[in-house]
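Chain by chain, the residues run as shown.
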Amino acid sequence: MSIMAAGGAGAALTTLVHSESVNGRDSRMTTEEQAATVIPVARAFSGQHSPKPLTFDPAKLKGLSEKLVRSHWENNYGGAVKALNAVEQRIAAMLTDKDLPPYIYGDLKREELVRTGSVVLHENYFANLGGDGKASGKVLDLIKQWFGNYELWEAEFKKTANALSGGSGWTILSYNLHTGEVHNYWAWDHMHNAPMGYPLLVLDMYEHAYHMDYGAAAAKYIDAFMQNVNWDEVNRRAEAMRIPK
Ligand SMILES: [Fe+2]
């Protein structure tokens, strides 16, 4: 995700009126009093994320319709970006509320995690589409190192994905920063990933990613996905992480 510039030197900061205004007492505050209670809000809660555009022509994917991909990008990914912005802004508004129950704040923090996970994984998913599906380069070397050969890795990746069919989740070829290993990880939702897992290849297994084209036939969607993997992007991620052999 990217952060939209709000313009000017103060783009990294927005402002927030003190919680009394939220509690309905601002009507008794003078302009000077309101100005005195305006506090800076950290960039972390600016709620100014914007969707990343598709990096390929969705009409040219093999086995995945343009209608499906555009709907997925606009409604599910775009919806996650909007939701993350809304959550961040609510968090900002609550930072100065001394009476806020912790469990209410906890709900927002959970939503922050859910929406951030959705945005990050969707951006990885769309960016690793649009290729010819032919594995090559550093990641192919890593696959051979950790799985023996490409065929065994692909079979295990597909088996992991099929285990999520009919429901929701993600299948992720991941470099584990803690263990130093490369694995295919199963993720039940946007919050699930092996701790310290850095995504190299991301497959969306939510039904919204394939139902329009394949109904409940998730295995056909998985086959179509594999034909469109952009291995140049997958290799770029591996190179950026400087994964040792
Ligand atoms: Fe999705």
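Each remark here, short or long, concerns the structure printed above.
What you are looking at is a predicted structure, and each value in this text was computed from that prediction instead of being measured.

Glancing now at the environment of asparagine 193. With respect to the helices and strands, the residue asparagine 193 is situated in the loop between β6 (182–187) and β7 (197–204). Residues contacting asparagine 193, with those up to four places away along its chain left out, are Ile172 and Tyr185. Looking at asparagine 193, its side chain comes within polar contact range of the main-chain oxygen of glycine 197, at 3.4 Å.

Ordered in space as β6-β5-β7, the 3 strands form an open sheet in which the pairing is antiparallel. Unpaired on one side and paired on the other, β6 and β7 mark the two borders of the sheet. Strand after strand, the sheet turns through a mean of 30 degrees between neighbouring axes, direction not considered. Pairing of strand β5 (residues 170–176) with β7, which is carried by 7 bridges, proceeds in the antiparallel orientation. If you follow threonine 171 over to β7, its bridge partner there is leucine 203. Together, β5 and β6 form the strand contacts of helix α5 (residues 137–147), whose direction differs from that of β6 by roughly 90 degrees.

At the metal site, the iron ion is ligated by His72 (NE2), His122 (NE2), Asp204 (OD) and His208 (NE2), and these contacts range over 1.9 to 2.1 Å. Coordination geometry of the iron ion: the 4 donor atoms subtend angles of 88 to 135 degrees at the metal centre, consistent with an arrangement described as tetrahedral. The motif formed by the donor residues of the iron ion, counted along the single chain, is H-x49-H-x81-D-x3-H. Here aspartate 204 lies in strand β7 and histidine 122 lies in helix α4 (residues 102–127), a separation of 82 residues in the sequence. For the pair formed by histidine 122 and aspartate 204, the shared burial category is buried.

Looking now at the packing of aromatic side chains. Going through the model one piece at a time under the given rule, you end up with 12 aromatic pairs. A ring pair is formed by tyrosine 125 and phenylalanine 126, whose centres lie 5.1 Å apart and whose planes are at 65 degrees; its orientation type is edge-to-face. Joined through ring pairs, the aromatic side chains of Trp73, Tyr77, Tyr125, Phe126, Trp170, Tyr206 and Phe225 make up one cluster.

Let us look at the packing of α5 against helix α9 (residues 231–241). In contact at an axis separation of 7 Å, α5 and α9 are set at 75 degrees when each is read in the N-to-C sense. Judged on the interaxial angle alone, α9 and α5 are roughly perpendicular. In this structure, α5 contributes Gly137, Lys138, Val139, Leu140, Leu142 and Ile143 to the contact, and α9 contributes Trp231, Val234, Asn235, Ala238 and Glu239. Along the lines of polarity and charge, the residues of the contact of α5 with α9 split into 7 nonpolar, 2 polar and 2 charged.

With that out of the way, let us pick up the pattern of salt bridges. A pair can form between side chains of opposite charge whenever their charged atoms are brought close. For the structure on display, the rule yields 9 salt bridges. Note that arginine 115 is salt-bridged to glutamate 111, the shortest N-O span being 3.0 Å. Here the residue arginine 115 and the residue glutamate 111 both occupy positions in helix α4, the gap between them amounting to 4 residues, near one helical turn. Residue glutamate 111 is classed as partly exposed on the basis of its relative accessible area of 23%. Between arginine 236 and glutamate 233 there is a salt bridge, with its nearest N and O atoms 2.8 Å apart. In this pair, arginine 236 and glutamate 233 both sit in helix α9, 3 residues apart, roughly one turn of the helix. Exposure remark for glutamate 233: the relative accessible area of 14% places this residue in the buried category.

A few words now on the pairing of β5. Within β5, 7 of the 7 residues are buried, leaving the element largely enclosed by the surrounding structure. By the alternation rule, side chains of β5 split into Trp170, Ile172, Ser174 and Asn176 and Thr171, Leu173 and Tyr175, which are all buried. Alignment of β5 against β6, held across 6 bridges, turns out to be antiparallel. Looking at the pairing, threonine 171 lines up with tryptophan 186 of β6. Hairpin connection, β5 to β6: the antiparallel pair is bridged by 5 residues, and glycine 180 has positive phi, about 80 degrees.

On to the nonpolar core, then. Residues Tyr125 and Trp153 are the most contacted members of the largest nonpolar core, which totals 50 residues. Ignoring anything within four residues of it in the chain, the contact list for tryptophan 153 reads Ile143, Phe147, Leu173, Asn184, Leu201, Met226 and Trp231. Ranked by size, the runner-up nonpolar core spans 6 residues in total, among them Phe45, Val87, Ala92 and Leu108.

About the thresholds
Residues numbered from 1 in each chain as written. Predicted model: local features only at pLDDT ≥ 70, side-chain atom pairs only at ≥ 80, totals over all residues. Heavy atoms only, no water. Helix = DSSP H or I, 4+ residues; strand = E, 2+ residues; numbered from the N terminus. Contact = heavy atoms within 4.5 Å. Polar contact = N/O pair within 3.5 Å; in protein donor to acceptor, adjacent residues only side chain to side chain. Pairing = 2+ DSSP bridges. Axes fitted to C-alpha atoms, helices over the stretch in contact; angles between N-to-C directions. Donors = N, O, S within 2.8 Å, 3.2 Å for Na, K, Ca; no water. Tetrahedral: all angles 85-135°; square planar, octahedral: opposite > 155°, others 65-115°. Buried < 20%, exposed > 50% of the residue type's maximum accessible area, 1.4 Å probe, protein only. Phe/Tyr/Trp six-rings, centres within 6.5 Å; stacked < 30°, edge-to-face > 60°. Parallel < 35°, antiparallel > 145°, perpendicular 65-115°, else oblique. Nonpolar A, V, L, I, M, F, W, Y, C, P; charged D, E, K, R; others polar. Salt bridge = Lys/Arg side-chain N within 4 Å of Asp/Glu carboxyl O. Core = buried A, V, L, I, M, F, W, Y, C linked by side-chain atoms within 4.5 Å.

Keep in mind these numbers describe shape, not what the thing actually does.
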